[in-house]
Amino acid sequence: MHYDNGGDLLVAVLRELDIDTVFGIVSVHNLPLVEAVDRELRFVPVRHEATAVNAADAYGRARGGIGCALTSTGTGAGNAAGSLIEALSAGTAVLHVTGQVEHRYLGGGRGYIHETKDQLGMLAAVSAHAATVDSAADAGRILRRAARAARTAPGGPASVEWPIDLQYAAQTDPPAELPAPAVPTPAPDQLAAAAALLSAARRPLIWAGGGATGARTVLADLLAATGAGLLTSNSGRGAVPEDHPQVIGNFATTPPARALLADADLLLTVGTHFRSNETADYGLELPAAHLQIDLDAAALGRVYPTRHPLHGDATDVLAALLPHAAPAEPAWTDRVGAVRDQVRAALHDAIGPHAALCDALRAVLPRTAVVARDVTIPSSSWGNRLLELYDPRDNVFPRGGGIGQGLGMGIGAALARPRDPTVVIVGDGGLAVHLGELLTLAQERPRLTLLVFNDGGYGVLRNMQDAHRERRSGVDLATPDFARLAAACGLPYRRIAAEEHAAPVLAEAVGSAGPVLVEVDLAALGPMKHPFTPPVKVPGQ
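Owing to the predicted nature of the structure, the values given are computational and were not obtained by experimental measurement.

1. Some remarks on the overall build of the protein chain
So, point 1. The secondary structure content of the protein chain amounts to 22 helices and 20 strands.
So, point 2. Relative to its length of 541 residues, the protein chain is compact, with a C-alpha radius of gyration of 24 Å against a globular reference of 24 Å.
So, point 3. With respect to the principal axes defined by its C-alpha atoms, the protein chain has extents near 70 × 60 × 45 Å.
So, point 4. Each of the 541 residues in the protein chain was classed as buried or not, and the buried ones make up 58%.
So, point 5. Taking as baseline every contact in the protein chain between residues at least 6 positions apart, the subset at least 24 positions apart corresponds to 75%.
So, point 6. Here the protein chain has roughly 20,800 Å² of accessible surface; of this, 54% comes from carbon and sulfur atoms.
So, point 7. Positive and negative side-chain charges of the protein chain, numbering 44 and 56 respectively, have mean locations separated by a distance of 2 Å.

2. Concerning the sheet that holds strand β2 (residues 21-24)
So, point 1. Pairing is parallel across the open sheet formed by six strands, whose spatial order is β3-β2-β4-β5-β7-β6. For this open sheet the edge positions go to β3 (42-45) and β6 (129-132), each flanked by a neighbour on one side alone. Between one strand axis and the next, the sheet turns by 20° as a mean value, whatever way the strands run.
So, point 2. Sheet analysis places β2 next to strand β4 (residues 67-71), joined by two bridges and oriented parallel. From the neighbouring strand, F23 faces β4, where its bridge partner is A69.
So, point 3. Those strands touched by helix α1 (residues 6-16) are β2, β4, β5 (94-100) and β7 (157-163), and its axis lies near 160° from that of β7.

3. Brief notes about the pairing of strand β9 (residues 204-208)
So, point 1. Among the five residues of β9, five are classified as buried, and the element is accordingly described as predominantly covered.
So, point 2. Side-chain alternation along β9 places P204, I206 and A208 on one buried face and L205 and W207 on a second face that is also buried.
So, point 3. Alignment of β9 against strand β12 (residues 266-270), held across five bridges, turns out to be parallel. The partner of P204 across the bridge, within β12, is L266.

4. Thoughts on helix α19 (residues 459-468)
So, point 1. Here α19 has its buried residues at G459, V460, R462, N463, M464 and Q465.
So, point 2. The secondary structure elements touched by the buried residues of α19 are α15 (377-383).

5. Considerations on the pairing of β6
Where a strand is regular, its side chains alternate between the two sheet faces.
So, point 1. Of the pairings in the sheet, the one linking β6 to β7 comprises four bridges and is parallel in character. Note that in β7 the partner of A130 across the bridge is S159.
So, point 2. Assessed by its sense of winding, the connection that carries the chain from β6 through helix α7 (residues 139-151) to β7 is right-handed.

6. Details of the packing of helix α5 (residues 81-90) against helix α6 (residues 119-126)
Pairs of packed helices are described in terms of their axes, by the angle between the two and the distance that separates them.
So, point 1. Where α5 meets α6, the closest approach of the two axes is 8 Å, and the angle between their N-to-C directions is 35°. Residues A81, L84, I85 and L88 of α5 form the contact with α6, whose participating residues are L123, A125 and V126.
So, point 2. Partitioning the contact of α5 with α6 into residue classes produces seven nonpolar, no polar and no charged.

7. What to know about α7
So, point 1. A rise of 1.5 Å per residue sets the reference length of α7, with its 13 residues, at 18 Å; its end C-alpha atoms lie 19 Å apart and thus fit the reference within 8%.
So, point 2. Among the residues of α7, A139, G140, I142, L143, R144, A146, A147 and A150 are the ones counted as buried.
So, point 3. Those residues of α7 that are buried lie in contact with α1, β5, β6, β7 and β8 (171-172).

8. Observations concerning the sheet that holds strand β20 (residues 516-521)
So, point 1. Strands sit in the order β16-β15-β17-β18-β20-β19 across an open sheet of six strands; the sheet is parallel. Two strands in the sheet have a free side with no partner beyond their single neighbour: β16 (395-396) and β19 (493-496).
So, point 2. Pairing of strand β15 (residues 370-373) with β16, which is carried by two bridges, proceeds in the parallel orientation. Residue pairing across strands places A372 opposite V396, the latter belonging to β16.

9. Remarks on the packing of aromatic side chains
So, point 1. Under the defined criterion, the tally for this structure stands at four aromatic pairs.
So, point 2. Between F274 and Y304 the ring centres are 5.0 Å apart and the planes differ by 70°, which places this aromatic pair in the edge-to-face class. Placement of the pair is F274 in the loop between β12 and β13 (290-294) and Y304 in the loop between β13 and β14 (308-311), with a sequence separation of 30 residues. With respect to class, F274 is no different from Y304; both count as buried.
So, point 3. Aromatic side chains W382 and F453 sit 6.2 Å apart centroid to centroid with 70° between the ring planes, which places their arrangement in the edge-to-face category.

10. As for the side chain of T132
So, point 1. Mapped onto the secondary structure, T132 falls in strand β6.
So, point 2. If near-sequence neighbours (up to four positions away) are discounted, T132 is found in contact with L106, L120, I142, E161 and P163.

11. Overview of the pattern of salt bridges
So, point 1. The final tally for this structure, using the stated rule, is 27 salt bridges.
So, point 2. Residues R141 and D138 are paired through a salt bridge, measuring 3.6 Å at the closest nitrogen-oxygen approach.
So, point 3. With relative accessibility at 32%, the residue R141 sits in the partly exposed group.
So, point 4. Connected through salt bridges with shared partners, the residues D8, R15, R39 and E40 form a single ionic network.

12. With respect to unusual backbone geometry
So, point 1. With an omega dihedral of 5°, the bond running from A153 to P154 counts as a cis peptide bond.
So, point 2. With respect to the element layout, P154 can be found in the loop between α7 and β7.
So, point 3. Within the chain, D18 stands out as a residue other than glycine whose phi angle is a positive 60°.
So, point 4. As for its position among the elements, D18 is in the loop between α1 and β2.
So, point 5. With a relative accessible area of 52%, D18 lands in the exposed category.

Rules and cut-offs
- Residues numbered from 1 in each chain as written.
- Predicted model: local features only at pLDDT ≥ 70, side-chain atom pairs only at ≥ 80, totals over all residues.
- Heavy atoms only, no water.
- Helix = DSSP H or I, 4+ residues; strand = E, 2+ residues; numbered from the N terminus.
- Rg over C-alpha atoms; globule rule 2.2 N^0.38 Å.
- Buried < 20%, exposed > 50% of the residue type's maximum accessible area, 1.4 Å probe, protein only.
- Contact = heavy atoms within 4.5 Å.
- Areas by Shrake-Rupley, 256 points an atom, 1.4 Å probe, with all protein chains shown as cover.
- Lys, Arg positive; Asp, Glu negative; His and termini not counted.
- Charge placed at Lys NZ, Arg CZ, Asp CG, Glu CD.
- Pairing = 2+ DSSP bridges.
- Axes fitted to C-alpha atoms, helices over the stretch in contact; angles between N-to-C directions.
- Right-handed = clockwise from strand over helix to strand, strands pointing away.
- Nonpolar A, V, L, I, M, F, W, Y, C, P; charged D, E, K, R; others polar.
- Expected span 1.5 Å × (residues − 1).
- Phe/Tyr/Trp six-rings, centres within 6.5 Å; stacked < 30°, edge-to-face > 60°.
- Salt bridge = Lys/Arg side-chain N within 4 Å of Asp/Glu carboxyl O.

Listed below in structure tokens is the structure:
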């Protein structure tokens, strides 16, 4: 195929990838790409390059596919780096296309506008794959190879820098088939040994991580066949709908779940990497009989020992093990259900007035709604655990733990799924990081409810300092008048200042066809029964 310029070629590749919406910032060094995307698909002009990547990341997550971000050269590409780190940490598929100076000046260091030292090296450090378009004849191959790398385990963002003169050039795109990546399969003796352990287990537990979200059907079948309890990481939430009676969920470090782990005679973990915040800084004890399935060979046994590492696709390996599943002791399955109820009741009680918000939110959201969350107290305490999710594509949050990414992710998810409502949970401190994206929200007008929990600063760190220090440092921040801010941006505004406000305000906001900013006034609402502090260790305390 022949194309008039690189923008037309990029549109063709994006259509192959089933991408209809692209996020970015226009620049003299990506103008042909932006113009073609805006003409043929949908281009969303965000206000910061980091948001472009966050939105593309969440677009892919919410659709179960890949997203695309367009940024500029040098500083623009550098601005995207933090969000590329998030996608790399999460292993989510993002095609990041950034501009570059004319190819004859690459590496010259002569001060060409937007030039930076070793841009490709910078991108390689924060991406799963990075490449340079070096000729108009190779651009299609390079883009497709990058997209494949982004979607191949362990996954992550793929960055392509494209010199501006080669963007403007006519493109030749010869047909080429990229060989499909090989899918590993455990050796027969490994599967047989694992099957024997599974068939003998009478007190089994399963732990589902992000790598289990593509194996939903067979995972549910395994729960039915065994009567096992299901723990999840945050990334594994929704792999089996969280109203299932055997789903304990993201509660592994609670005392009742620890007691279950201590008494289990088998733990089968599927695609989880045992992050520090989900294992009490690796202090959580797991059963000695541990089967671990992962498509990333490096993850097997990396954090916890595994008696039988099973390197392969979760769906394939679970399907091979399923015929060997045996029922658990009835008392064990009963205990799993009791623990499920116990940990939820304890958290519901501990969050005090926040429980009204959690309950009201779940009551007004349909099962297919997207729940996007920034790093903030309500997300970390109840949004990541108590607020039920039923599909992993609805579960959007910064897995790397970086603050300020929630609104951008919510915008990307909402535009990926325009028929489903999206709710975004942010704090005032995190929202301030990318306050300009309120204008993107106002301009694009997705069906999005932005819940801003306003406590006048960084509440998580404030609680840590109040618990362990004599004074506060850097945690109390100036907060805008959100009613006037919303009005300035042309956004509807609502306020929750008491528990009885939650149900009517959220019902109205979620029922709206467009964006609504809802401020939760935490000073008026009142404190949780137990202040939330993050699960990190402070030496000497």
